[in-house]
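Remarks on the overall topology
Given next are the chains, with one letter for each unit.
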Amino acid sequence: MTYCDFLVGVFLFFSSNRFTYEIAPVFVLMEQLTLKKMREIIGWPNGDGDGLFSPGGAISNMYSVMVARYKYFPEVKTKGMSAAPQLVLFTSEHSHYSIKRAGAVLGFGRENVILLKTDERGRVIPADLEAKIIDAKQKGYVPLFVNATAGTTVYGAFDPINDIADICEKYNLWLHVDGAWGGGLLMSRKHRHKLSGIDRANSVTWNPHKMMGVPLQCSAILVRDK
Ligand SMILES: Cc1ncc(COP(=O)(O)O)c(C=O)c1O
């Protein structure tokens, strides 16, 4: 296949209706296979799990918050936010605005998206995450979700995913990795280590239209459990 064939394929894929297998059997199968391959590259066993191509990284990040809330508080789907306690989310002060926007759009409230301090290279300080989780719990809030960014928009910083994953496991929180920008490094033998621990995430945003150079808007939200 030439690069030109590939571009035509991408164009047809993203300009077509892919709602159901009956409407677009080939494209639906292409989407499933591509997402499975991406999950394998993340390191989830057999590429199992779930996912979708979405209109962009901001939407993929919003889906991650929705899925986390559904996993821990499924009754919100039918009863609304009053069925959940006062939930809080955590993300770096350098993370993409879409996490704060997800908090606003999904009814958590922007003030309940708690910003984490970063070091001199723009990476989240794990001790600050743990301190803020403890503080939130003492105030009666329920921590739900932590976003670690793999490649921040301005600095290109990679949060220490393994350290953050340890804290998420300790407090039973959903870990999302926003690899919209830096996810492409998973394809690099030399730089993949920057995302070490990504296989411990519950969900990952990865935008092939950024570092991988896909010329049309192309973002995936990938989830470890079906
Ligand atoms: C780290 C990060 N996350 C999410 C996004 C949002 O991606 P999109 O522009 O595809 O909505 C960006 C965009 O720059 C980003 O840098």
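Below or above, wherever it landed, is the structure these notes cover. (Residues numbered from 1 in each chain as written. Predicted model: local features only at pLDDT ≥ 70, side-chain atom pairs only at ≥ 80, totals over all residues. Heavy atoms only, no water.)

Once that is clear, we can look at the overall build of the chain. Assigned secondary structure in the chain consists of 7 helices and 7 strands. The order of α-helices and β-strands along the chain, N terminus first, is α-α-β-α-α-β-α-β-α-β-α-β-β-β. Its C-alpha radius of gyration of 18 Å places the chain within 12% of the 17 Å reference for a compact globule of 226 residues. If you line up the chain on its principal axes, its C-alpha atoms span 55 × 45 × 30 Å. (Helix = DSSP H or I, 4+ residues; strand = E, 2+ residues; numbered from the N terminus. Rg over C-alpha atoms; globule rule 2.2 N^0.38 Å.)

Right, let's get into helix H2 (residues 25-42). The end-to-end C-alpha separation of H2 is 26 Å, in line with the 26 Å expected for 18 residues at 1.5 Å each. Within the span of H2, buried status applies to Phe27, Val28, Glu31, Leu35, Met38, Arg39, Ile41 and Ile42. Down the axis, H2 shows its buried residues gathered within 155° of arc, on one side only. In H2, those exposed residues whose orientation departs by more than 90 degrees from the buried face are Val26 and Leu33. Once H2 finishes, glycine 43 follows within two positions and takes phi at roughly 115°, a positive value. (Expected span 1.5 Å × (residues − 1). Buried < 20%, exposed > 50% of the residue type's maximum accessible area, 1.4 Å probe, protein only. Arc of directions from axis to C-beta.)

Take the layout of surface pockets next. In this model, the largest pocket occupies a volume close to 490 Å³. Contributing to the lining of the largest pocket are 20 residues, with Tyr63, Met66, Val67, Tyr70 and Lys71 lying nearest its centre. Of all elements in the fold, only strand E1 (50-54), helix H3 (57-72), helix H4 (76-79) and strand E7 (219-223) reach the threshold of two or more residues within the lining of the largest pocket. Of the residues forming the lining of the largest pocket, the biggest block, 6 residues, is contributed by H3. (1 Å grid on protein atoms, 1.4 Å probe; cavity = no way out; pocket = protein on both sides within 12 Å on 5 of 7 lines; lining within 4 Å. Points joined across faces, edges and corners; volume = space filled by probe spheres on them.)

It is at 9 Å that the axes of H3 and helix H5 (residues 97-105) come closest, and there the two elements cross at 55°. Between H3 and H5, the angle is such that the two are oblique. Between H3 and H5 lies a crossing whose hand is right-handed. Touching Ala58, Asn61, Met62 and Val65 of H3 are Ser98, Ile99, Arg101, Ala102 and Val105, all from H5. A per-class count over the contact of H3 with H5 returns 6 nonpolar, 2 polar and 1 charged. (Axes fitted to C-alpha atoms, helices over the stretch in contact; angles between N-to-C directions. Parallel < 35°, antiparallel > 145°, perpendicular 65-115°, else oblique. Left-handed = near helix turned anticlockwise from the far one by under 90°. Contact = heavy atoms within 4.5 Å. Nonpolar A, V, L, I, M, F, W, Y, C, P; charged D, E, K, R; others polar.)

In spatial order, the strands read E1-E7-E6-E5-E4-E2-E3; together these 7 strands make up an open sheet with mixed pairing. Looking at the sheet topology across the chains shown, the edges are occupied by E1 and strand E3 (113-116). Adjacent strand axes in the sheet meet at a mean angle of 20°, parallel and antiparallel pairs treated alike. Pairing of strand E4 (residues 142-149) with strand E5 (residues 174-179), which is carried by 5 bridges, proceeds in the parallel orientation. Opposite valine 146, over in E5, you have leucine 175 as the bridge partner. Its contacts with the sheet place H2 against E1, strand E6 (203-206) and E7, and it is angled at close to 115° to E1. (Pairing = 2+ DSSP bridges.)

What follows deals with the site of the ligand. Contacts to the ligand come from 13 residues, most closely from Gly57, Ala58, Thr153, Asp178 and Lys210. Histidine 209 places a polar side-chain atom, nitrogen or oxygen, 3.3 Å from an oxygen atom of the ligand. Taking lysine 210, its side chain carries an N or O atom lying 3.2 Å from an oxygen atom of the ligand. Take the shell around the ligand: its biggest share by element is 3 residues, from H3. Considering only residue class, the shell around the ligand consists of 2 nonpolar, 9 polar and 2 charged. (Near = heavy atom within 4 Å. Polar contact = N/O pair within 3.5 Å; in protein donor to acceptor, adjacent residues only side chain to side chain.)

In this section: the pairing of E6. Neither face of E6 is open: one carries Ser203 and Thr205, the other Val204 and Trp206, and all of them are buried. As paired elements, E6 and E7 share 4 bridges and run antiparallel to each other. Looking at the pairing, tryptophan 206 lines up with alanine 220 of E7.

Next up on the list: the side chain of aspartate 159. Positionally, aspartate 159 belongs in the loop between E4 and helix H7 (161-171). Look at aspartate 159: it is buried, it has no salt bridge, and the nearest opposite charge is arginine 123 at 7.0 Å. A distance of 2.8 Å separates a polar atom in the side chain of aspartate 159 from the backbone nitrogen of threonine 149. Beyond its immediate stretch of four places on either side in the chain, aspartate 159 contacts Ser92, Gly122, Arg123, Val124, Ala148, Thr149 and Ile164. (Lys, Arg positive; Asp, Glu negative; His and termini not counted. Salt bridge = Lys/Arg side-chain N within 4 Å of Asp/Glu carboxyl O.)

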